[in-house]
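A structural walkthrough
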Number of protein chains: 2
Amino acid sequence: MELSGVGRVILGSLQRVPRSGYEIKRLVDHSTRFFWAASYGQIYPELRRLEQAGLVAGTSEPTGERRRTVHRLTPKGRRALRAWLVAPDLSYELRDEGLLKLFFAGALAPDEAVALVRSVRLQHEAVLERLLEIQEESAGRRPRFPSYVLAYGIDMHRWMAKWFADLERQLAAEVTAKEEVA
Amino acid sequence: MELSGVGRVILGSLQRVPRSGYEIKRLVDHSTRFFWAASYGQIYPELRRLEQAGLVAGTSEPTGERRRTVHRLTPKGRRALRAWLVAPDLSYELRDEGLLKLFFAGALAPDEAVALVRSVRLQHEAVLERLLEIQEESAGRRPRFPSYVLAYGIDMHRWMAKWFADLERQLAAEVTAKEEVA
DNA sequence: CCTTCCATGTAACCGGTTACATGATTGC
DNA sequence: GCAATCATGTAACCGGTTACATGGAAGG
């Protein structure tokens, strides 16, 4: 009974607090989406499958006339979550269009290559800004491990922005050097 | 006429040298797959679509009795490649199971958390080793921008391995501190 | 001879996004 | 009264992987 991608996020999200599907989605959008996204189209059907498999249990907790189902981990679900967490394999997938363009940047004029590198840097700086905002929003209230992950994201995008800034300077210097010769 | 994901890799791969579908796949597996993968199931059908759209042209160049179609960029294909390269938008998608587990690591015992962080570090070190091998294999023969991208991958995984090594030390120190109290 | 590599393809499947539909609640 | 948010869901679509099938060539 292998745990699916969304299944992992859901079980993890329910680890400490019971939540509605909507709340799970909101949590994901504010946190894991930077390294593990999930959409409604996955969450709601998967909640049903997890319930069917006995890993989560849903109880109706409406707010007024608005129906609302809150899901919590069953002991079996808790075991499945732990089993996944201690399992040794770790997948890592990246789709970075900036790197792909840089890889093929030989087809560009020198100044166009500089512009490309610049836009990659700006992209990482934009993510960095967003992550810093999130960090301020939650100030002290974030639990330990989530705060580590956030710190990692911040450090990482800072590092990336710097790497591309360095390359940008180098390429830009070459462009100016050529102009001076001409 | 928006260029698809595989379409970008294919056009880029044909930028300097005409190639067969098999050769494209091999190139991808040795280079872009770390940040942009592509399978046979995508490459061959997409080559047909690109030919239909007039972006690439295939010519039959068999080796002996073994049929072989070599594809090259048409002027239209070259324009499409350049248009994509200079377009401002850059997608960035990450699926990092190590980060996801770390995010939920509150469900683990302290020593289990250390083991997790250690395995994430080892994972990045393994990728790093692989990238260093690739770097040696191709020594001087790699074109400029691909070598930048390779250097980036190496620096990045080195940085990541170090980040997790630091966290690992910190968490391990806490475990030992607790043991001494007990 | 046998294995590995070159070479081309496809069908089934799966995971995930997008877009839409519906309706109650809260706060301005 | 209106907009934003809470809340649940699904159908159509798309992108991508896996597994398989076929067969020639090269090298030990």
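Provided above is the structure to which this section pertains.
Only a predicted model underlies this, so the values are computations on that prediction, with no experimental measurement involved.

Concerning the sheet that holds strand β1 (residues 19-20) of chain A
All names here are of chain A. With antiparallel pairing, the three strands of this open sheet are ordered in space as β1-β3-β2. Of all strands in the sheet, those bounded by a partner on one side alone are β1 and β2 (56-60). Pairing between β2 and strand β3 (residues 69-73): five bridges, direction antiparallel. Across the sheet, T59 pairs through a bridge with V70, a residue of β3. Together, β2 and β3 form the strand contacts of helix α3 (residues 40-52), whose direction differs from that of β2 by roughly 110°.

Concerning the packing of aromatic side chains
Tallied over the entire structure, the rule returns 17 aromatic pairs over all chains. Each ring, one from Y152 of chain A and one from F164 of chain B, has its centre 5.0 Å from the other, and the planes form 45°; the classification is tilted. Separated into two different chains, Y152 of chain A in helix α7 (residues 144-181) and F164 of chain B in helix α7 (residues 144-181) make up a pair that spans both. Take Y152 of chain A and F164 of chain B: they sit in the same class, and that class is buried. Among the aromatic residues, ring-to-ring pairing joins Y152, W159, W163 and F164 of chain A together with Y152, W159, W163 and F164 of chain B into one connected group. Across the ring face of W36 of chain B, the terminal group of R95 of chain A is positioned such that the distance to the ring centre comes to 4.1 Å. In this arrangement the basic side chain of R144 of chain A is found over the ring face of F145 of chain A, its NZ or CZ atom lying 5.7 Å from the centre.

So, the protein's contact with DNA strand D
Around DNA strand D, 21 residues are found, and the nearest of them are Y22 and R95 of chain A together with Q42, E65 and R66 of chain B. Here the atoms of DNA strand D within 4 Å of the protein split so that 71% fall in sugar or phosphate, with bases taking the remainder. Here a phosphate oxygen of DNA strand D and a backbone polar atom of G21 of chain A are 3.3 Å apart. At 3.2 Å from a phosphate oxygen of DNA strand D is found a side-chain nitrogen or oxygen belonging to S39 of chain B. Counting residues per element, the ones that place at least two in the surface near DNA strand D are α2 (21-30) and α3 of chain A together with α3 (40-52) of chain B. Per-element accounting of the surface near DNA strand D gives the leading share, four residues, to α3 of chain A. Considering only residue class, the surface near DNA strand D consists of four nonpolar, nine polar and eight charged.

Parameters at a glance
- Residues numbered from 1 in each chain as written.
- Chains lettered and ligands numbered in written order.
- Predicted model: local features only at pLDDT ≥ 70, side-chain atom pairs only at ≥ 80, totals over all residues.
- Heavy atoms only, no water.
- Pairing = 2+ DSSP bridges.
- Helix = DSSP H or I, 4+ residues; strand = E, 2+ residues; numbered from the N terminus.
- Contact = heavy atoms within 4.5 Å.
- Axes fitted to C-alpha atoms, helices over the stretch in contact; angles between N-to-C directions.
- Phe/Tyr/Trp six-rings, centres within 6.5 Å; stacked < 30°, edge-to-face > 60°.
- Buried < 20%, exposed > 50% of the residue type's maximum accessible area, 1.4 Å probe, protein only.
- Lys NZ or Arg CZ within 6 Å of the ring centre and 35° of its normal.
- Near = heavy atom within 4 Å.
- Polar contact = N/O pair within 3.5 Å; in protein donor to acceptor, adjacent residues only side chain to side chain.
- Nonpolar A, V, L, I, M, F, W, Y, C, P; charged D, E, K, R; others polar.

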